[in-house]
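Residue-level structural notes
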Amino acid sequence: MGDERHMPKRPWDSCRDVPVIQDEQTPWKLVKLLKFFSLCALALLVFGLAVSSKVSFLLLITLSNKAALTIPAEQKPVALLCVGCALISSSVLLLLKSIWKANFKTSKLPAKVTAAVVLLIEFLVSLGSAVLTIVAMPHLDIVSNVTILNSVAVLSAVLQIAAQCIARERNQFLLPSIFAVVLILLGYSLFLVFYLLDENRNEMAIWAGLAVAGSFLTSFNWWENYIRLFTDNSNSNFLSVLSKDIRRCRNMLHILSSLVRILVTGCVLGAYVPLSKRDWTILTTIPLRETRTIAILIGVQLISSALCHWFAVAACKMHALRRSFILPLYFASLAIMAVLIAPVFIYYQDYRTNLNVTHNSTFTDYCTVAVYGRNQTLEGSTFPHLVLDVTHTLCSRDLSQITDIGLLTGLAVAWWLGLLLATLHLWFLKLQRIQRTQDLFIRRMYEGAFIEQSLLLNTRFDIQMSDRKNVKSLDPLTVYLCATMWHETYTEMMQIIFSVFRLDKYRPKKDPEDTDVIFETHIFFDDAFKDVPGSLGRHVNEYAETLVETIREVYSIFMGNDRSLFRMQQQIPDQNILRTPYGGRLEVTMPHGNKLVVHFKDKQLIRHKKRWSQVMYLYYLLGWRLMTKYYINWVNGEEEAELKTKIEKEKHNTYLLALDGDTGFQPAAVMLLIDRLKLYPLVGAACGRIHPTGSGPMVWFQKFEYAIGHWLQKTAEHVFGCVLCSPGCFSLFRAAALMDNNVMKRYSTKSLEARHYIQYDQGEDRWLCTLLLKQGWRVEYNAASDAYTNAPEEFNEFYNQRRRWGPSTMANIVDLLGSTNMISKRNRSISKLYMLYHLFGMTSSILGPATICLMIAGSFTFMFNIHPSGALILAVIPPAIYLGLCFKLKSDTQILIAAVMSVGYAFFMLVVGMSIIGSMVKDKTILTPSSIFIIAMAILYFITATMHPQEFSLVFYGFLYILCIPSAYLLLAIYSMVNMNNVSWGTRETMPAAGAATPAAPPQTRVQKGWVSQLQSMSDDMYLQEETLDKDEEEFWRELQTKYLEPLPEDKKKQKKITNDLRELRNKITFVYFICNALWLVATFTLQLFEANLTIRLPKVDLDLEFTGEYITIDPIGFMFILGYALLVVVQFVAMLYHRMYTLIHFVAFVDTESKAAKQSVPDPEIDDDDDDSDEVFFPNLYFRNEDGGTLV
């Protein structure tokens, strides 16, 4: 009988009706192409910037050589000062960054012993680097200067040997580390021999000794890379305390160490200049030519170093460690040598060719004639003089002699190979998909003088055992997908059910020890039951029936993946159906093993509406499912301390993905959100990019509105602080954050006051985020995580939706602003400056209606040449009339009037826009404040759209958005504020289920038994077997209903009181809201009456910047407001650029690491090799397309 379940039930019915889902499948070919070009560009940038940084730094050192003639001898201190700036630039940046973090995040003081050890080592490092680069290197030749910087790996190689020996296991990198030490010491030996053979050996021996000592002291710079290994593999209490204290007090230690480095470098520089018989007074009289040369070199050095560090970190995070990080930095040293030495030999060969004495002229002769005897006047290009100065450093030895060439070549090769072997472990470094910078690099910053060496040596060193190749796997995560439903249509249900089954195929359920993520889906269906006359029990309504039929339909589609001929229509396995205290439950095991559970809620048994469905799954999944098992273990005698550790661990590794009943998404979108929470333990929630779907002008408007909100506003919130609202349609929450104090418990609070109905029930997702932010959790935004949800297509539905959102948004932001001091102390991602940003945004939002009136008044003045005061009165009259009507008319009538006015305003905006463009053409100028503002904003939005190439087409909806500005920011604001007391949902309240034929009910020849029989009789393709709910779980549901979810009784007296309270609250808030707008308008009106004395007059110029004889008058208040708005948009634009770069890094890393997991497709069908004419040879997948092959998506 069991075998029959796997056979087709109806062989003749093998065709499938596969729906087309409206979300977008990732174009993997384009992604791979983007990845290839991104990594190639990264490799070139890292390589080029490293070469630029080092060449400019070495040229500055060359200019400080006493024999260099590019700058006069008395101006050498300037070059030395620039060398010192290159040394301390990263320390200055680190100091500023650490001061910021200490002020706004953490500032713990280290122990005295820790501070003493760290500062002592930092003193030695800064002393060594200053002596090496400022004192010794200006006296050495260019080859030694290029290669001696590679010798700073000596101590790192020694510590690698020690760490690997202490590990007490055979390590595959022990021999390379030993050879690295040997080669670097060999390089030191050859270096000393080379300079001891010099004619001025007494003097050069001093500089060579200082160089060796300085490079050795500099090699202490990366000692922190190994102290943690000594701590893990030894029993030293001192090292353990030291390592913990360093991690705990990193910000304060960075402040102190940066100050030490700056002071030591300054002292060495300040002492060396007088000792070398030079004078600092020359700094005030530097000629223009020398200033330009030195400024270009130090500018290139500082900028190249910083950018090279940033792009190198990006390469590592994009999992291009070998291609775009290690190889470019290895070859950078060779390229630097070529860049500096090649011109020397080119000039030398030109000299020999021009003199026609190629057989007799030596390098020494060339130095005597061309280098020592050159004209010291700096005419023409500076480049030849720089080449000759570089050549001069080599003139002390005859490079025609094989001994000198051999010694130089030997030390260069030894030091380069030593660096290569000391960093060989990087080739095998294992990275997580998304890696934190502090876990990848030991020190926060780079070393400007040793850019490629510092990046290589600063990368984390791990003990790589020969018998252990993989990274320790992370603990498996549990992700509950929690969707709330009510009156969704068939198409909307299909979208979310299909997405859930697609995720099931993407991540099949395996042994928990062999998987990284376990998924389980729960759908909470509100008000699913109805009374049926003549029935012994309640029945589920037509929406619930549609959902069950949709699940059956999608299940049959995904079961059709079997490639055998007659198994494509195999029967669906039996599923379970249960009666529960809150209604009923349908439990479905999806084709690949993951669970889908539908909870049908009866509003007569349990409280309904969306927030209470969320409370229901929070307590069920986090309270009952997560905590109860540990309580049982505690009762059975398990250690409480161990239980606490396990509970905290599971709470941090359990996530809830909140969904709406119409959300569509790809599996990759979920995985990208999981990455954010997995990487940062303080991230309590993360949301994705929400795309509204549908058709019609209202959806087009919302597409552009959503795009601007995500492109600019959400990215700015993510970069500068925290996202204030993680939408409930697609957001991932951490269980530890939800179960924190004052979050889940307070979220379960009933609305008792009028303001509660607005803040708690009208925007529950925003209120939940407010609770998380107050507890110190971070909320993030991931732009690569796309989700699709249906948007209102009708004008009245759109207005009712925003009527809920507007007051709720304002209430929650006011709540956060009122708690600024508490939040800025508790939440490390939120500062008072960030709250000031939101205060300005809030003010702009409140004054939106008045601002639109002023814009309309300006348009009247521009088009009809009306006096500004009269134009303002005309602009205020229509919205004032609408405001009065809103207090008297029903909401449907208000919306109808708003729709008519919106059409009129749209035509007006079109005429105004064309008039402004015509005025620009007529006056032949765009240099007016309004024109400059409009063009600048257009360019900014165009660039923003260009940074989102897949969404660039949304720009065309921007024209409709502009036409609808008066409707969205004037009429809608009035409607929302006046109807604030209406706390009904406003959408889906009367929408019928459509799109699929609901199965016809069987003829009622007898009394029906209830909803279980009803669902069982719907289809025999998916048999529903009734099971019994566990007694303990049944008791849990009854207790939960009693405490939190009992249906609210109909208390007419209380309802009347709440209605009156809501009306009074509405009156108070609208009075303050509109009085602020009135004051803004009155202030502007007053200024216009006294425009002769209280306006800013600017001359009007044409495109040739010629004065036209006319003046432009600007209202100072309006000008400051527009200037503030423009500044706000520019800040958001900068945040967008920053966020886009990190989105690209994350996405490329995801594609590189997730590709294998994503390709869990079945093998290709077998092909008969003898039949060469078969179409399947050329198109093997032509007849076996599935939902991932383009048919469904």
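From a predicted model like this one, the values you see are computed outputs, not experimental measurements. (Residues numbered from 1 in each chain as written. Predicted model: local features only at pLDDT ≥ 70, side-chain atom pairs only at ≥ 80, totals over all residues. Heavy atoms only, no water.)

**Regarding the overall build of the protein chain**
As a reminder, the rule being used: Every helix listed is a DSSP run of H or I at least four residues long, and every strand listed is a run of E at least two residues long, numbered separately from the N terminus. Relative accessible area decides the class of each residue, using a 1.4 Å probe on protein chains only: under 20% of the type maximum gives buried, over 50% gives exposed, and in between gives partly exposed. In what follows, residue pairs with any heavy atoms lying within 4.5 Å of each other are defined as contacts. The Shrake-Rupley method, run with a 1.4 Å probe, gives the accessible areas here. Residue values count only the displayed protein chains as cover.
Counting its regular elements, the protein chain contains 41 helices and 15 strands. Residues counted as buried form 53% of the 1193 residues belonging to the protein chain. When contacts within the protein chain are restricted to residue pairs at least 6 apart in sequence, long-range pairs at least 24 apart make up 81% of them. Element-wise, carbon and sulfur atoms account for 62% of the exposed surface of the protein chain, whose accessible area totals about 54200 Å².

**Things to note about the state of the cysteines**
Put simply, the rule reads: Any two cysteine sulfur atoms within 2.5 Å of one another count as a disulfide.
If you walk through the whole model with that rule in mind, you get one disulfide. Disulfide partner of cysteine 367: cysteine 395, at an S-S distance of 2.0 Å. Where cysteine 367 bonds to cysteine 395 through sulfur, the torsion about that S-S bond is close to -80°, and the disulfide is left-handed. On the criterion of sequence distance, the pair formed by cysteine 367 in helix α13 (residues 363-372) and cysteine 395 in the loop between α14 (383-392) and α15 (402-422) is long-range, its members being 28 residues apart. We classify cysteine 395 as buried; its relative accessible area is 7%. Left unpaired, cysteine 769 is separated from the closest cysteine sulfur, that of cysteine 725, by 5.5 Å.

**So, the confidence of the model for the protein chain**
Our working definition: The predictor attaches a confidence to each residue, and that confidence, scored 0 to 100, is pLDDT.
A residue-level look at the protein chain finds 83% of positions with pLDDT of 70 or above and a mean pLDDT of 83. Counting contacts from residues 991-1007, a segment whose pLDDT is below 50, to residues more than four positions away or on other chains yields 27 contacts.

**Observations concerning empty space enclosed by the protein**
Heads up, the condition is: Each cavity reported here is a set of points on a 1 Å grid over the protein atoms alone in which a 1.4 Å probe fits but cannot get out, each pocket an open set with protein on both sides within 12 Å along at least five of seven lines, and each lining residue one with an atom within 4 Å of a point. Grid points are joined across faces, edges and corners, and a volume is the space filled by probe spheres set on the points. In this count, Pro and Cys sit with the nonpolar residues alongside Ala, Val, Leu, Ile, Met, Phe, Trp and Tyr, while Asp, Glu, Lys and Arg are called charged and the others, Gly among them, polar.
This structure, assessed with the given rule, holds eight cavities of 30 Å³ or more. Taken as a whole, the largest cavity holds about 110 Å³ of empty space. Along the walls of the largest cavity sit 13 residues, with Ser91, Leu94, Arg261, Arg443 and Glu447 positioned nearest its centre. For the lining of the largest cavity, the secondary-structure elements that each account for two or more residues are α2 (76-104) and α10 (250-275). Looking at the lining of the largest cavity, the element that brings in the most residues is α10, giving four residues. Residue composition of the lining of the largest cavity, by class: three nonpolar, five polar and five charged. Volume-wise, the second largest cavity comes out at about 90 Å³. If you go around the second largest cavity, the residues you meet are Gln614, Tyr617, Leu618, Leu656, Ala658, Gly728, Phe733, Leu738, Tyr747, Asp765 and Leu768. Elements with a minimum of two residues in the lining of the second largest cavity: α20 (610-635), β8 (654-660) and α27 (764-774). Among the elements that make up the lining of the second largest cavity, the one with the highest residue count is α20 (three residues).

**Description of α20**
Cut-off, in case you're wondering: Residue count minus one, scaled by 1.5 Å, sets the expected span of a helix. In this analysis the local bend is the angle between axes fitted, respectively, to the seven residues ending at and the seven residues starting at the residue.
With 26 residues, α20 ought to run about 38 Å at 1.5 Å a step, and its terminal C-alpha atoms sit 35 Å apart, in line with that. Along α20, the helix axis deviates most sharply at methionine 627, where the bend reaches about 35°. Backbone geometry just after α20 places glycine 637 at a positive phi near 100°.

**Some words on the packing of aromatic side chains**
We count it as follows: Each Phe, Tyr or Trp ring (for Trp, its six-membered ring) is paired with any other whose centre lies within 6.5 Å, and the angle between the two planes then decides the class: stacked below 30 degrees, edge-to-face above 60, tilted in between.
On inspection of all chains with the given rule, the structure shows 40 aromatic pairs. Taking 6.2 Å as the distance between ring centres and 70° as the angle between the ring planes, the aromatic pair formed by phenylalanine 325 and phenylalanine 441 counts as edge-to-face. Here phenylalanine 441 lies in the loop between α16 (437-440) and α17 (451-458) and phenylalanine 325 lies in helix α12 (residues 321-355), a separation of 116 residues in the sequence. On the accessibility criterion, phenylalanine 325 (0% relative accessible area) is buried. The rings of Phe701, Phe704, Phe795, Phe798, Tyr799, Tyr961, Tyr969 and Tyr975 are connected pair by pair, giving a single aromatic cluster.

**Topic: a negative patch on the surface**
So the rule is basically this: To count toward a patch, a residue needs a relative accessible area above 30% and no salt bridge. Like charges then connect within 9 Å, nonpolar side chains (Val, Leu, Ile, Met, Phe, Trp, Tyr) within 5 Å. When a carboxyl oxygen of Asp or Glu lies within 4 Å of a side-chain nitrogen of Lys or Arg, that pair is called a salt bridge. The convention is simple: Lys and Arg are positive, Asp and Glu are negative, and His and the chain ends are not counted. To locate a charge, the coordinates of NZ of Lys, CZ of Arg, CG of Asp or CD of Glu are taken.
A cluster of acidic side chains, namely Asp1030, Asp1032, Glu1035 and Glu1039, defines a negative patch on the protein surface. Relative to the helices and strands, aspartate 1032 resides in helix α38 (residues 1031-1045). On the accessibility criterion, aspartate 1032 (52% relative accessible area) is exposed.

**Structural notes on the pairing of strand β5 (residues 575-580)**
The cut-off we apply is this: A pair of strands is considered paired only if DSSP assigns at least 2 bridges between the two.
Alignment of β5 against strand β13 (residues 1024-1027), held across four bridges, turns out to be parallel. By the bridge assignment, asparagine 576 is partnered in β13 with glutamine 1025. Direction of pairing for β5 relative to strand β6 (residues 583-589): antiparallel, over a ladder of five bridges. Across the sheet, asparagine 576 pairs through a bridge with glutamate 587, a residue of β6. Taken together, β5 and the strand that follows it, β6, pair antiparallel across an intervening segment of two residues.

**Remarks on a nonpolar patch on the surface**
Taken together, the side chains of Ile873, Leu874, Ile877, Ile881, Leu885 and Leu889 present a nonpolar region at the surface, about 480 Å² in accessible area. Looking at the secondary structure, you find isoleucine 873 in helix α32 (residues 868-886). Residue isoleucine 873 is classed as partly exposed on the basis of its relative accessible area of 48%.

**Re the sheet that holds strand β11 (residues 730-734)**
Cut-off, in case you're wondering: Every axis corresponds to a line fitted to the C-alpha atoms, with the helix fit spanning only the stretch in contact, and the corresponding angles, defined between N-to-C directions, vary from 0 to 180 degrees.
Strand order across the open sheet formed by 11 strands is β9-β12-β10-β11-β8-β1-β2-β7-β6-β5-β13, with mixed pairing between neighbours. Only two strands of the sheet have a single neighbouring strand rather than two, namely β9 (664-665) and β13. Contacts between helix α19 (residues 542-559) and the sheet are confined to β1 (477-485), β2 (517-525), β5, β6 and β7 (595-601), with β7 contributing the most and set at about 170° to the helix.

**A few points about the environment of leucine 334**
By the secondary structure assignment, leucine 334 is in helix α12. As for leucine 334 and alanine 412, which are separated by 78 residues in sequence, their C-alpha atoms are 9.7 Å apart.

**Looking at the pairing of β1**
Buried residues dominate β1, accounting for eight of its nine residues. With nine bridges joining them, β1 and β2 adopt parallel strand pairing. Of the residues in β2, the one forming a bridge with cysteine 482 is histidine 522. Examined bridge by bridge, β1 and β8 share seven bridges and lie parallel to one another. Paired with threonine 478 across the strands is threonine 654, a residue of β8.

**So, unusual backbone geometry**
Residues other than glycine seldom take positive phi values, yet lysine 609 does so here, at roughly 95°. With respect to the helices and strands, lysine 609 occurs in the loop between β7 and α20. Backbone geometry places asparagine 742, a non-glycine residue, at a positive phi of 65°. Along the chain, the position of asparagine 742 falls in the loop between α24 (735-738) and α25 (744-747).

**Things to note about the environment of leucine 963**
Its place among the elements puts leucine 963 in helix α35 (residues 957-963). On the basis of relative accessibility, which here comes to 23%, the residue leucine 963 falls in the partly exposed class. Taking the C-alpha atoms as reference points, leucine 963 and valine 903, 60 residues apart in sequence, are found 9.0 Å from one another. The residues contacting leucine 963, other than those within four sequence positions of it, are Tyr905, Ala906, Met909 and Leu910.

**Things to note about the pattern of salt bridges**
The full count for this structure, using the stated rule, is 33 salt bridges. Between glutamate 650 and lysine 629 there is a salt bridge whose closest N-O contact spans 2.8 Å. Of the two residues, glutamate 650 sits in helix α21 (residues 640-652) while lysine 629 sits in helix α20, which places them 21 residues apart along the sequence. Lysine 629 sits in the partly exposed class, given a relative accessible area of 37%.

**Considerations on the packing of helix α28 (residues 795-818) against helix α30 (residues 832-846)**
Rule in force here: Definitions for this section: a left-handed crossing has its near helix turned counterclockwise from the far helix by less than a right angle. A right-handed crossing has that turn clockwise.
For the pair α28 and α30, the least separation of the axes is 10 Å and the interaxial angle reads 145°. The two elements α28 and α30 meet at a crossing, and its hand is left-handed. Counted together, Met810, Ile813, Val814, Leu816 and Leu817 of α28 and Met835, His838, Leu839 and Met842 of α30 form the full contact between these two elements. In the contact of α28 with α30, the residues fall into eight nonpolar, one polar and no charged.

**A word on the packing of α20 against α21**
Inclusion rule: Throughout, the term roughly parallel applies to angles under 35 degrees, roughly antiparallel to angles over 145, roughly perpendicular to angles from 65 to 115, and oblique to all others.
Relative orientation of the contacting elements α20 and α21 amounts to 170°, with a least axis distance of 11 Å. One finds that α20 runs roughly antiparallel with respect to α21. Here Leu626, Met627, Lys629, Tyr630, Asn633 and Trp634 of α20 lie close against α21, whose contacting residues are Glu640, Leu643, Lys646, Ile647, Glu650 and Lys651. Along the lines of polarity and charge, the residues of the contact of α20 with α21 split into six nonpolar, one polar and five charged.

**Details of the environment of threonine 382**
One can find threonine 382 in the loop between α13 and α14. Exposure remark for threonine 382: the relative accessible area of 19% places this residue in the buried category. Residues threonine 382 and threonine 293, spaced 89 residues apart in sequence, show a C-alpha to C-alpha distance of 7.8 Å.

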